[in-house]
Amino acid sequence: MNEIYLIAGMMAVTFFTRYALVPLSGKMTFSKRLERVLSYVPPAVLSAIIVPSVMIPDGANINLTLDNAYLVGAIITCIAGWLTKNLLATIVLGMTGFLLYQWILMG
Amino acid sequence: MAQVLTRSPEKLKTGSNAFKDFKEGARDTFPLLVGALPFGIIFGTLAAANGLSFAATLGMSIFVFAGSAQFIALGMIGAGTAWPLIVATTFIVNLRHMLYCATLLPWLTKMRLKWQIPLCFWLTDETFAVAVRRYQDGDKDHDHRWYHLGSSLAMYSNWLACTYIGLAAGQRFPQITEYGLDFAMPATFIGMLIPYLKNRAMWAAVLISGLVSILAFTMPHKLGLMCAAFAGIAGGIFVESKFKEDK
């Protein structure tokens, strides 16, 4: 059954990425320099996920126009984050702004 | 200055604070649950339309537990992609967890296997963001593993519940997928990203990563994500070394 291979395979590779460094780490030393490098991991990864999902919402074409509710929604979310400095408020305001804008677009 | 960490499992104090820590971890993850909620529901509702069975959809959330990889897999299943290719793409999309794991190593290596395995299995973007802040900024003499576990289990139970709700809702209201609830993921991630934008170097990492993610978007198997992440990290380091006073 293909679904079983698929899920077993996805589970194996996903767990590998989450765990593999732990048993290897006995041979590693952590320099201050490496710690500094790693401090850029979360913002760089988050940006690499966010930007295509809002600028290429259909997965094929770059859309930087006001017809792109995802892009406008992302801008609203950024403004909400900037003003509120609160995670929950940012997410709720961003979602609300996106849904409203999309509703306006659909007329 | 090189700093070698102790590798032997050592006892740090948790004591009666374990349950309190666990609750705090779950509480601090709450805003991210709100963001993951529509995302998980949408995953469940889209599954049937893309040809994934009820059991396999739930199984994927239980055993793989990786939101963005599950979404990409769903799209590939819908496009009729062979399963080994989907597994290969999952690997690349999830490579970022290795970077997270590397960041958490100083604390993970102090734990026993029975803690390491579940905490690694439940590692997500959200729990990483919550836990790493506590490890780095919290009391250094305190053991934060219960806090980390609280965040992990909050995300996991939320994801399973949402997948199930989505599966049930998708059967009754198939049009739910057209409401654009998938915007919940970028909204959540933007909320997680903003606190990092504290100096020029972080801005550089974010802007370069974003730019490269667009330029490298057409790379096969979502390799562009890792290229963008590495370019962003390199850009951040470069700017940091140029503007030492900015740190």
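Since we're looking at a predicted model, the values are computed, not measured.

When helix H2 (residues 54-63) of chain B is considered as a whole, its buried residues turn out to be Ala56(B), Thr57(B), Gly59(B), Met60(B) and Ser61(B). At its buried positions, H2(B) is contacted by helix H1 (2-19) of chain A together with helix H1 (18-49), helix H3 (67-78) and helix H8 (145-172) of chain B. Downstream of H2(B) by a residue or two, Phe65(B) has a phi angle that is positive, lying close to 55°.

Right, let's talk about the side chain of Arg18(A) for a bit. Considering the arrangement of structural elements, one finds Arg18(A) in helix H1. Within polar-contact distance, the side chain of Arg18(A) engages the backbone oxygen of Phe121(B) at 2.9 Å. With sequence-adjacent residues up to four places away left out, Arg18(A) is seen in contact with Val64(B), Phe65(B), Ala66(B), His97(B), Cys101(B), Cys120(B), Phe121(B), Leu123(B) and Thr124(B).

On to the environment of Leu71(A). All names here are of chain A. In this structure, Leu-71 sits in helix H5 (residues 69-84). A residue is classified by how much of its surface remains accessible, and Leu-71, at 13% relative accessible area, is buried. Remark: the alpha-carbon pair of Leu-71 and Asn-61, spanning 10 residues in sequence, is separated by 13 Å. Once you skip the residues sitting within four places of it in the chain, Leu-71 turns out to touch Val-54, Met-55, Asn-63, Leu-64 and Thr-65.

Ranked by size, the top nonpolar core spans 103 residues in total, and within it Met10(A), Met60(B) and Leu108(B) carry the most contacts. Both domain 1 (20-185) and domain 2 (197-247) of chain B contribute no fewer than three residues apiece to this core.

According to the stated counting rule, one finds 20 aromatic pairs over all chains in the structure shown. Three or more aromatic residues joined by ring pairs make a cluster, and in this case those are Phe15(A), Tyr19(A), Phe65(B), Phe121(B), Trp122(B) and Tyr156(B). The lysine or arginine in question, Arg133(B), covers the ring of Tyr196(B), its NZ or CZ lying 5.4 Å from the ring centre. When the ring centre of Phe243(B) is taken as reference, the NZ or CZ atom of Arg200(B) above it lies at 4.2 Å.

It is worth spelling out the domain arrangement of chain B at this point. Residue and element names in this part refer to chain B. When the domains of chain B are assigned, the result is domain 1 (20-185) and domain 2 (197-247). The straight-line distance from the C-alpha centre of domain 1 to that of domain 2 is 24 Å. Between domain 1 and domain 2, the residue contacts involve eight residues of the former and seven residues of the latter. Overall, the association of domain 1 and domain 2 removes approximately 700 Å² of surface from exposure, summing both partners, and the carbon and sulfur fraction of that is 86%. Applying the counting rule to domain 1 against domain 2 returns zero salt bridges. In this structure, the connection of domain 1 to domain 2 is made through zero residue pairs in polar contact (both at pLDDT 80 or more).

Take the interface of chain B and chain A next. Listed per partner, the contact involves 89 residues of chain B and 67 residues of chain A. Surface buried jointly by chain B and chain A totals about 6900 Å² across both partners, of which 78% is contributed by carbon and sulfur atoms. Among the residues chain B hides against chain A, the three largest losses belong to Trp83(B), Phe183(B) and Ile214(B). Together they make up 10% of the total. Between the two partners, chain B and chain A, sit one salt bridge. Looking at the side of chain B that touches chain A element by element, the count peaks at 11 residues for helix H5 (residues 96-108) of chain B.

Let us now look at the packing of H5(B) against helix H7 (residues 125-137) of chain B. Residue and element names in this part refer to chain B. At their nearest, the axes of H5 and H7 sit 11 Å apart, and the two run at 25° to each other. Taken together, H5 and H7 sit at an angle that is classed as roughly parallel. Crossing handedness for the pair H5 and H7: left-handed. Seen from H5, the contacting residues are Arg-96, Tyr-100, Thr-103, Leu-104 and Trp-107; seen from H7, they are Asp-125, Phe-128, Val-132, Tyr-135 and Gln-136.

Rules and cut-offs
- Residues numbered from 1 in each chain as written.
- Chains lettered and ligands numbered in written order.
- Predicted model: local features only at pLDDT ≥ 70, side-chain atom pairs only at ≥ 80, totals over all residues.
- Heavy atoms only, no water.
- Buried < 20%, exposed > 50% of the residue type's maximum accessible area, 1.4 Å probe, protein only.
- Helix = DSSP H or I, 4+ residues; strand = E, 2+ residues; numbered from the N terminus.
- Contact = heavy atoms within 4.5 Å.
- Polar contact = N/O pair within 3.5 Å; in protein donor to acceptor, adjacent residues only side chain to side chain.
- Core = buried A, V, L, I, M, F, W, Y, C linked by side-chain atoms within 4.5 Å.
- Domains from an automatic or database assignment.
- Phe/Tyr/Trp six-rings, centres within 6.5 Å; stacked < 30°, edge-to-face > 60°.
- Lys NZ or Arg CZ within 6 Å of the ring centre and 35° of its normal.
- Buried area = accessible area lost by both parts, 1.4 Å probe.
- Salt bridge = Lys/Arg side-chain N within 4 Å of Asp/Glu carboxyl O.
- Axes fitted to C-alpha atoms, helices over the stretch in contact; angles between N-to-C directions.
- Parallel < 35°, antiparallel > 145°, perpendicular 65-115°, else oblique.
- Left-handed = near helix turned anticlockwise from the far one by under 90°.

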